[in-house]
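Structure assessment
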Amino acid sequence: MKFESKAVHAGDRKKPGQFTPVVTPIYAAVSYAYDKMEQLDRVFAEEEPGPSYGRHDNPTTSGLEELINTLENGHGTVACSSGMAALHLAITAALLDRRKTVLAASAIYGATMNLLTKIMEPMGVETSFVDMCDLAAVEKAVASQRPGCLVMETISNPLLRVAEIDELARIAKSRGAALLVDNTFASPMLVRPIELGASFSVHSTTKYLSGHGDALGGAIVSDVEHAPIVRTLSRTMGPILGPFESYLTMRGIKTLALRMERQCANSVLVAEWLAAQTGVAHVYATSDPKHPDAATIGRLFPENLLGAIISFELKDAGRDEVFAFMDKLKMIVRVTSLGDVHTMALYPAMSSHRDLAPKQRQRLGIGDNLIRLSVGIEAVDDIIADLAQAFE
């Protein structure tokens, strides 16, 4: 089946008895009984499929995991309570039998940076940063620092850089390191990191996968080497996703292909419109033919599916001017998230990269005049009209 069909059907229609539910139902149970102790023993030992205890597995969540795993072409998927929980678990799995050193992308989500520097470093995990788009610099850093894990994003947050995942996977594997890719901005509709050689593809399922702003969650898709490790750690650490959130996320994924097609198409037009405005100093868009990573995007992304996040800088603006502009927005929602059906505007200096020092944000290119836009599925004319009146 093609991607669009897999998104609709994978994970569903498991036959629990004398009937078959058309969609995976919500199993709100902590424990599961079996007629014979021998069978329960086999289930606990993972010699026979089936749920045993809520921290280990849940039929609703298992359906979601099968669905995401099918879309990513992974070897095993574990759903988590949030994207950050998934990221933490994946890094832990990557470093379990490796040197406790991480080489991370210099352009990365602020909370990921905090996880590495403020939580994992005090626990003995060393972290350094490199421009993942500079393969020579990555080669040099990997050779000298011998990291156990490389951490990057498919599309960097918020300046939308795109590195060569397959080449980075080659570099990592040549030194025995794992490559972890946060695939949230792209979704498996655009890029599947496991197919490109990554060890882990991590998602905040809250975003494009769920797509409706009503279910917090995360997921780790692993390669054949790491899938059993992630599952074992999850059962011990317990960062599990609840069955109701799993149900909502599965429901959302059924329309992922339709939503992403519309959002990507809308974002091209919105980016072109923004680039023509005198009040805009610069537009960051993966659809831009002049994007610094255009060759990589053209090679790794499907034609006409180039992402739906745009960042732009207001000309001669600071915090006050950005706030005034965003306060004028009427349809576009001012929130801290992305990937929903509605268009959303975010101020990175206040939210996604708030905990970074101002000078550090400036070094990363995140100015006080930067706005991030997650383009939704509305009529593109309405999105542009809302932006236009905010410029007045």
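For the structure itself, consult the block above.
The notes below deal with the structure included here.

Procedures and definitions
Residues numbered from 1 in each chain as written. Predicted model: local features only at pLDDT ≥ 70, side-chain atom pairs only at ≥ 80, totals over all residues. Heavy atoms only, no water. Helix = DSSP H or I, 4+ residues; strand = E, 2+ residues; numbered from the N terminus. Rg over C-alpha atoms; globule rule 2.2 N^0.38 Å. Buried < 20%, exposed > 50% of the residue type's maximum accessible area, 1.4 Å probe, protein only. Contact = heavy atoms within 4.5 Å. Areas by Shrake-Rupley, 256 points an atom, 1.4 Å probe, with all protein chains shown as cover. Lys, Arg positive; Asp, Glu negative; His and termini not counted. Charge placed at Lys NZ, Arg CZ, Asp CG, Glu CD. 1 Å grid on protein atoms, 1.4 Å probe; cavity = no way out; pocket = protein on both sides within 12 Å on 5 of 7 lines; lining within 4 Å. Points joined across faces, edges and corners; volume = space filled by probe spheres on them. Nonpolar A, V, L, I, M, F, W, Y, C, P; charged D, E, K, R; others polar. Salt bridge = Lys/Arg side-chain N within 4 Å of Asp/Glu carboxyl O. Pairing = 2+ DSSP bridges. Axes fitted to C-alpha atoms, helices over the stretch in contact; angles between N-to-C directions. Parallel < 35°, antiparallel > 145°, perpendicular 65-115°, else oblique. Left-handed = near helix turned anticlockwise from the far one by under 90°.

Side note on the overall build of the protein chain
A count of helical and extended segments in the protein chain gives 15 helices and 12 strands. In terms of overall dimensions, the protein chain is globule-like: its C-alpha atoms have a radius of gyration of 21 Å, near the 21 Å expected for 392 residues. Expressed as lengths along the three principal axes of its C-alpha atoms, the size of the protein chain is roughly 75 × 50 × 35 Å. Per-residue burial over the protein chain gives 55% buried out of 392 residues. For the protein chain, the proportion of contacts with a sequence separation of at least 24, taken over those separated by at least 6, is 74%. Roughly 16900 Å² of accessible area belongs to the protein chain as shown, and the carbon and sulfur atoms make up 54% of that amount. Across the protein chain, the 38 positively charged side chains and the 46 negatively charged ones have centroids separated by 2 Å.

So, the layout of surface pockets
There is about 670 Å³ of room inside the largest pocket. Forming the walls of the largest pocket are 30 residues, and the residues nearest its centre are Pro-49, Gly-50, Pro-51, Asp-57 and Ser-62. Among the elements of the structure, α3 (59-72), β1 (76-80) and α9 (227-237) are those that each provide at least two residues to the lining of the largest pocket. It is α3 that provides the largest number of residues to the lining of the largest pocket, a total of six residues. Looking at side-chain class alone, the lining of the largest pocket contains 11 nonpolar, 10 polar and nine charged residues. One number sums up the size of the second largest pocket: a volume of about 440 Å³. What lines the second largest pocket is a set of 26 residues, and nearest its centre among them are Met-84, Tyr-109, Thr-184, Ser-204 and Lys-207. No other element matches the three residues that helix α4 (residues 83-95) contributes to the lining of the second largest pocket. Residue composition of the lining of the second largest pocket, grouped by class: nine nonpolar, 13 polar and four charged.

Topic: the pattern of salt bridges
Overall, the coordinates contain 12 salt bridges when judged by the stated rule. The partner of Glu-46 in a salt bridge is Arg-235, with the nearest N and O atoms 3.4 Å apart. Linking Glu-46 in the loop between α2 (37-44) and α3 with Arg-235 in helix α9, this pair joins segments that are 189 residues apart in sequence. A relative accessible area of 13% places Arg-235 in the buried class. Between Arg-161 and Asp-293 there is a salt bridge; the shortest N-O distance is 2.6 Å. Within this pair, whereas Arg-161 is found in the loop between β4 (149-153) and α7 (165-174), its partner Asp-293 is found in the loop between β8 (280-285) and α12 (294-300), the two being separated by 132 residues in sequence. For Arg-161, a relative accessible area of 28% gives the class partly exposed. Overall, Asp-293 belongs to the buried group, its relative accessible area being 7%. Ionic contacts of the salt-bridge type, sharing partners, join the residues Glu-46, Asp-57 and Arg-235 into one network.

Details of the pairing of strand β9 (residues 309-314)
Most of β9 sits out of view: six of its six residues are buried. Side chains Ile-309, Ser-311 and Glu-313 project from β9 onto one buried face, and the interleaved Ile-310, Phe-312 and Leu-314 project onto a second face that is buried too. Bridge analysis of β8 against β9 gives five bridges, and the strand direction is antiparallel. For Val-280, the partnering residue across the bridge sits in β9 and is Leu-314. By the bridge criterion, five bridges tie β9 to strand β12 (residues 370-374) in an arrangement that is antiparallel. Paired with Phe-312 across the two strands is Ile-371, which belongs to β12.

A look at the packing of α4 against helix α5 (residues 110-120)
Two numbers describe how α4 lies on α5: the axes approach to 11 Å, and their chain directions differ by 50°. Taken as axis vectors, α4 and α5 run oblique relative to one another. In terms of crossing hand, the pair formed by α4 and α5 is right-handed. In this structure, α4 contributes Met-84, Leu-87, His-88, Ile-91 and Thr-92 to the contact, and α5 contributes Ala-111, Thr-112, Leu-115, Leu-116 and Met-120. Counted by class, the contact of α4 with α5 contains seven nonpolar, three polar and no charged residues.

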